[in-house]
Amino acid sequence: QEALYESIGPARRRRYHLRIAQVIEKLYASRLENRYESLAYHFREGNSLENAAIYSHRAGVKAASHFAYRDALLYFEQALVALEHLSEGRQKVEQGIAIRIDRGPALIALGGYLAPGVEENYTQAGKLCEQLGETTQLFPVLWTLSRIRNWRGQLPAARQLAEQLLSLARREQDSLRLLEAHHTLWAILLDIGELAS
C-alpha cells in the first residue's frame, strides 16, 4: 500500500486527497463532527490550507472536549501552521485568535498556567486582538494573562490587566463578564494589600 502510494506523483496525490475530503464532506454533511480528523488530514495533504486550518481547529476542540489534550495540541498546531500560509486578512486574524484561545486551556490542562507556551500563546492572541481593535475575544486573553501575572507575583502587571478586563466588560455591558472582571480584580487587590479597594 505504501509502495503504491509513493508511486503516485505528488500533484496527483494532492488531487486525490482533495477529492477524498470533498466526498467526505458531501457524504457526511449532517454529521461532520465524526470526520473532523480525516478532513483535516486530507485537506492538509491536498494542500487546501484554508480548509485544513478550519478542520484541524475543529478536531482540536473536539479532542479537548474529550480530555485528549495532547491530541488537541497537535491539531491546534497543525491549524496554526496551515494558517501561516494563508494570505493576510481579517479572517486569518480572527481564526488565529480563535485557535489560540481554544489552544490555551489544553496547554493549561497539561502543565498549569505557568507552563511553557501558555503566556506566549495568550500574548500572541492579544496582539492579534489589537490588530482588529477591541473584540469580545480579548476578554479571555486578558483574564488568563492577569492570572499568570498574579501567580508569578507580578501584582502591578496583574492589576493593570484586571483593570483593562473590567473596562472591557463595562464597555460590552455584559453582566457575567463584569462579575468575572470584578472577581479577578478584587483577588489581586487583596494580594496587594489594598483591602478597602
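Values in this document were obtained by computation on a predicted structure and should not be read as measured data. Each chain has its residues counted from 1, running along the sequence as written. This being a predicted model, a pLDDT of at least 70 is required before a residue's local features are given, and a value of 80 or more before pairs of side-chain atoms are given or counted; all residues contribute to the totals for chains, interfaces and linings. Excluded from the side-chain calculations are hydrogens and water; all other atoms, namely the structure's heavy atoms, are used.

Asks: Break down the packing of aromatic side chains for me, citing the residues and quoting the values.
Replies: Ring geometry is summarised as follows: Phe, Tyr and Trp rings, the Trp one being its six-membered ring, pair when their centres sit within 6.5 Å, and such pairs are stacked at plane angles under 30 degrees, edge-to-face over 60 and tilted between the two. Following the criterion strictly, the structure yields four aromatic pairs and no others. Where tyrosine 36 meets tyrosine 55, the ring centres are 6.0 Å apart and the plane angle is 40 degrees; that geometry is what we call tilted. Taken as a pair, tyrosine 36 in helix α3 (residues 36–45) and tyrosine 55 in helix α4 (residues 49–65) lie far apart in primary sequence, 19 residues in all. In terms of burial, tyrosine 36 and tyrosine 55 fall into one category: buried. Ring geometry for tyrosine 113 versus tryptophan 151: centroids 4.6 Å apart, planes at 85 degrees, classification edge-to-face. Taken as a pair, tyrosine 113 in the loop between α6 (90–111) and α7 (118–132) and tryptophan 151 in helix α8 (residues 138–151) lie far apart in primary sequence, 38 residues in all. With a relative accessible area of 15%, tyrosine 113 lands in the buried category. Helix numbering and strand numbering both begin at the N terminus, where a helix is a DSSP run of H or I of at least 4 residues and a strand a DSSP run of E of at least 2. Burial here depends on accessible area, computed with a 1.4 Å probe over protein chains only, as a share of the maximum for the residue type. Under 20% is buried, over 50% is exposed, and the range in between is partly exposed.

Asks: Quick one: what's the story with the nonpolar core, residue by residue and with numbers?
Replies: Leu39, Tyr55, Ile97, Val118 and Val141 are the most contacted members of the largest nonpolar core, which totals 55 residues. In this structure, leucine 39 is in contact with Ala21, Ile24, Glu25, Leu32 and Tyr55, ignoring residues within four places of it in sequence. The nonpolar core is taken to be a set of buried Ala, Val, Leu, Ile, Met, Phe, Trp, Tyr and Cys residues, with the residues joined through side-chain atoms within 4.5 Å. Whether two residues touch is decided by their heavy atoms; if any such pair falls within 4.5 Å, the residues are in contact.

Asks: Outline the pattern of salt bridges, supporting the account with residue identities and numerical values.
Replies: One speaks of a salt bridge when a side-chain nitrogen belonging to Lys or Arg is within 4 Å of a carboxyl oxygen belonging to Asp or Glu. Inspection of every chain in the model, using the stated rule, returns nine salt bridges. Across the salt bridge formed by glutamate 194 and arginine 159, the nearest N and O atoms sit 2.6 Å from each other. Of the two residues, glutamate 194 sits in the segment after α10 (175–192) while arginine 159 sits in helix α9 (residues 155–172), which places them 35 residues apart along the sequence. A relative accessible area of 23% means that arginine 159 is categorised as partly exposed. Between glutamate 172 and arginine 177 there is a salt bridge whose closest N-O contact spans 3.2 Å. Here the residues in one salt-bridge network are Glu119, Arg149 and Arg152, joined through shared partners.

Asks: An account of the packing of α4 against helix α5 (residues 69–84) is requested, with residue identities and associated values reported.
Replies: Interaxial angle, 0 to 180 degrees, is taken between N-to-C directions of lines fitted to C-alpha atoms, where a helix line uses only the stretch in contact. At a minimum axis distance of 8 Å, the contact between α4 and α5 shows a crossing angle of 160 degrees. If you check the angle between α4 and α5, you find them roughly antiparallel. Helix-helix and strand crossings are classified by hand; for α4 and α5 the assignment is left-handed. Along its contact with α4, which presents Leu49, Ala52, Ala53, Ser56, His57, Ala59, Gly60, Val61, Ala63 and Ala64, the element α5 presents Tyr69, Asp71, Ala72, Tyr75, Phe76, Gln78, Ala79, Ala82 and Leu83. Roughly parallel here means an angle under 35 degrees, roughly antiparallel means over 145, roughly perpendicular means 65 to 115, and every remaining angle is called oblique. Less than a right angle of anticlockwise turn of the near helix away from the far helix marks a crossing as left-handed, whereas a clockwise turn marks it as right-handed.

Asks: Describe the environment of tryptophan 151, with residues and values.
Replies: You can call tryptophan 151 partly exposed: its relative accessible area is 47%. Residues tryptophan 151 and tyrosine 113, spaced 38 residues apart in sequence, show a C-alpha to C-alpha distance of 8.3 Å. Those residues within four positions of tryptophan 151 in sequence are excluded, and the remaining contacts are Tyr113 and Leu114.

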